[in-house]
Amino acid sequence: MTNIEQNIFNIINERHSIREFDGNYKIHKDEIEEMIQIAATAPSSSNLQPWRFLIIQDENVKKELQGIAYNQAPIGSCSAVISVIGDTKMYKNVEKIYHSNFEAGHIDEVNTQRLIDSVMHSYPSFASEARANIASFDAGLISMQFMLIAKAKGYDTVTIGGFNKQEFAERFELEDRYMPIVLIALGKAAAPAFKTTRLPVEEIVDFI
Ligand SMILES: Cc1cc2nc3c(=O)[nH]c(=O)nc-3n(C[C@H](O)[C@H](O)[C@H](O)COP(=O)(O)O)c2cc1C
């Protein structure tokens, strides 16, 4: 096994959901931005990157958010809450994204326009549920990357799906196109995780 493989496997194996963080530990916003930037290398449907992040560090706002998350403890003690938000109108960024690809020299002009047309002929007419599924799936990919990057940098996380999404959307005045997906509590662990097991591979895999 190469060193790179070893490091990646260690990080994956060492990530566990932490439910008690060191409440005094602060993480600078620049470092969180850097982690998000690396996480944003995640793949997404048509590269439309339907993810947005509202990062909450203010202690009073965190308290409020803890109420919205049914008083779950990690929200109170973590250094920051990364609210992962899906953009259900992701196609609205198609020109910006594909022109940037063109300007970077990754694609020629004809193909740029072809891909923009293809997105605009499909995504806007998809059922809104289909677009919400795409946004949720893609947000899951970047969330996983973020959690592993955080672990690699010596931090811990827990994903919180148990929160009142409607209340969240109202409190933070999300426009209709944006849907709250999960909250990721980020910080320094103050207590070990509960270890968990996984279904055996034979139960989750079939080969044909
Ligand atoms: C989408 C999602 C939602 C979750 N929501 C919560 C939650 O609301 N509260 C919580 O304590 N843990 C939550 N978890 C953490 C899981 O319980 C945890 O990932 C699982 O038990 C496996 O443990 P591990 O992360 O330590 O490997 C959530 C995880 C995921 C992926």
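Whatever comes next refers back to the structure up there.
In every chain, residue numbers begin from 1 and rise along the written sequence. Reporting in this predicted model follows two pLDDT cut-offs: at least 70 for local features of residues, and 80 or more for side-chain atom pairs to be given and counted; totals over whole chains, interfaces and linings ignore these cut-offs and use all residues. Side-chain metrics in this entry use all non-hydrogen atoms of the structure; hydrogen atoms and water are not considered.

1. A few points about the side chain of serine 79
Part 1 of the argument: Helix and strand definitions here come from DSSP, where helices need a minimum of 4 consecutive H or I residues and strands a minimum of 2 consecutive E residues; each element is numbered from the N-terminal end. As for its position among the elements, serine 79 is in the loop between helix 4 (73-77) and strand 2 (80-87).
Part 2 of the argument: Each residue's exposure class comes from its accessible area (1.4 Å probe, protein chains only) as a fraction of the maximum for that residue type: buried when under 20%, exposed when over 50%, partly exposed otherwise. A relative accessible area of 6% places serine 79 in the buried class.
Part 3 of the argument: Any two residues whose heavy atoms approach within 4.5 Å are treated as being in contact. Look past the residues within four positions of serine 79 in its chain and what remains in contact with it is Tyr25, Lys26, Ile27, Gln57, Leu186, Gly187 and Lys188.

2. Some words on the environment of aspartate 156
Part 1 of the argument: Along the chain, aspartate 156 falls in strand 3 (residues 156-160).
Part 2 of the argument: Here aspartate 156 falls in the buried class, since its relative accessible area comes to 10%.
Part 3 of the argument: Among all residues touching aspartate 156, those that are not within four sequence positions of it are His16, Ile18, Phe21, Lys151, Ala185, Leu186, Gly187 and Ala189.
Part 4 of the argument: What qualifies as a polar contact is a pair of N or O atoms within 3.5 Å, subject to a donor-acceptor requirement within protein and to the restriction that residues adjacent in sequence count only when both atoms come from side chains. Here lysine 151 takes part through its side chain, which lies 2.8 Å from a polar atom of the side chain of aspartate 156.

3. Concerning a nonpolar patch on the surface
Part 1 of the argument: A cluster of nonpolar side chains, contributed by Met1, Ile4, Ile8, Phe9 and Ile12, occupies part of the molecular surface with about 530 Å² of accessible area.
Part 2 of the argument: Classification of isoleucine 8 as partly exposed rests on a relative accessible area of 43%. For patch detection, residues must exceed 30% relative accessible area and be free of salt bridges, and they are connected within 9 Å for like charges or within 5 Å for nonpolar side chains (Val, Leu, Ile, Met, Phe, Trp, Tyr). Only the protein chains shown count as cover for residues, and all accessible areas are computed by the Shrake-Rupley method using a 1.4 Å probe. By definition, a salt bridge exists where a carboxyl oxygen of Asp or Glu is found within 4 Å of a side-chain nitrogen of Lys or Arg.

4. Here we look at the environment of threonine 88
Part 1 of the argument: Relative to the helices and strands, threonine 88 is located in the loop between strand 2 and helix 5 (94-103).
Part 2 of the argument: You can call threonine 88 buried: its relative accessible area is 14%.
Part 3 of the argument: Threonine 88 has contacts with Arg131, Ala132, Arg177 and Met179, leaving out every residue within four places of it along the chain.
Part 4 of the argument: A polar contact is formed between the side chain of threonine 88 and the backbone oxygen of arginine 177, at a distance of 2.7 Å.

5. Considerations on the packing of aromatic side chains
Part 1 of the argument: Aromatic pairs are defined between Phe, Tyr and Trp rings, using the six-membered ring for Trp, whenever the two ring centres lie within 6.5 Å; interplanar angles under 30 degrees are classed as stacked, those over 60 as edge-to-face, and all others as tilted. For the structure on display, the rule yields 4 aromatic pairs.
Part 2 of the argument: Between phenylalanine 163 and phenylalanine 168, the aromatic rings sit 5.7 Å apart at their centres with planes inclined by 75°, giving edge-to-face as the arrangement. Of the two residues, phenylalanine 163 and phenylalanine 168, neither departs from the other in class, the shared state being buried.
Part 3 of the argument: Grouped by ring-pair contacts, the aromatic residues Phe163, Phe168 and Phe172 constitute a single cluster.

6. Considering helix 7 (residues 128-152)
Structural remark: α-helix, 3.6 residues per turn; residues separated by three or four positions point the same way.
Part 1 of the argument: To estimate the expected span of a helix, subtract one from its residue number and multiply by 1.5 Å. Compared with the 36 Å implied by 1.5 Å per residue over 25 residues, the 36 Å span of helix 7 between its first and last C-alpha is a close match.
Part 2 of the argument: Looking at the residues trailing helix 7, positive phi occurs at glycine 154, about 90°.

7. Regarding unusual backbone geometry
Part 1 of the argument: Positive phi is not limited to glycine here, since serine 46 has a value of about 55°.
Part 2 of the argument: The topology assignment puts serine 46 in the loop between helix 2 (29-39) and strand 1 (51-56).
Part 3 of the argument: With a relative accessible area of 30%, serine 46 lands in the partly exposed category.
Part 4 of the argument: The backbone of asparagine 47 shows a phi angle near 55°, a positive value even though the residue is not glycine.

8. Comments concerning the pairing of strand 4 (residues 178-187)
Part 1 of the argument: Strand 4 sits mainly inside the fold: 8 of its 10 residues count as buried.
Part 2 of the argument: Examined bridge by bridge, strand 2 and strand 4 share 8 bridges and lie antiparallel to one another. By the bridge assignment, glycine 86 is partnered in strand 4 with methionine 179.
Part 3 of the argument: Pairing between two strands is assigned when DSSP locates at least 2 bridges connecting them. The pairing of strand 3 with strand 4 spans 5 bridges and is antiparallel. Its bridge partner lying in strand 4, valine 158 is registered against alanine 185.

Taken by themselves, the reported measurements are silent on function.
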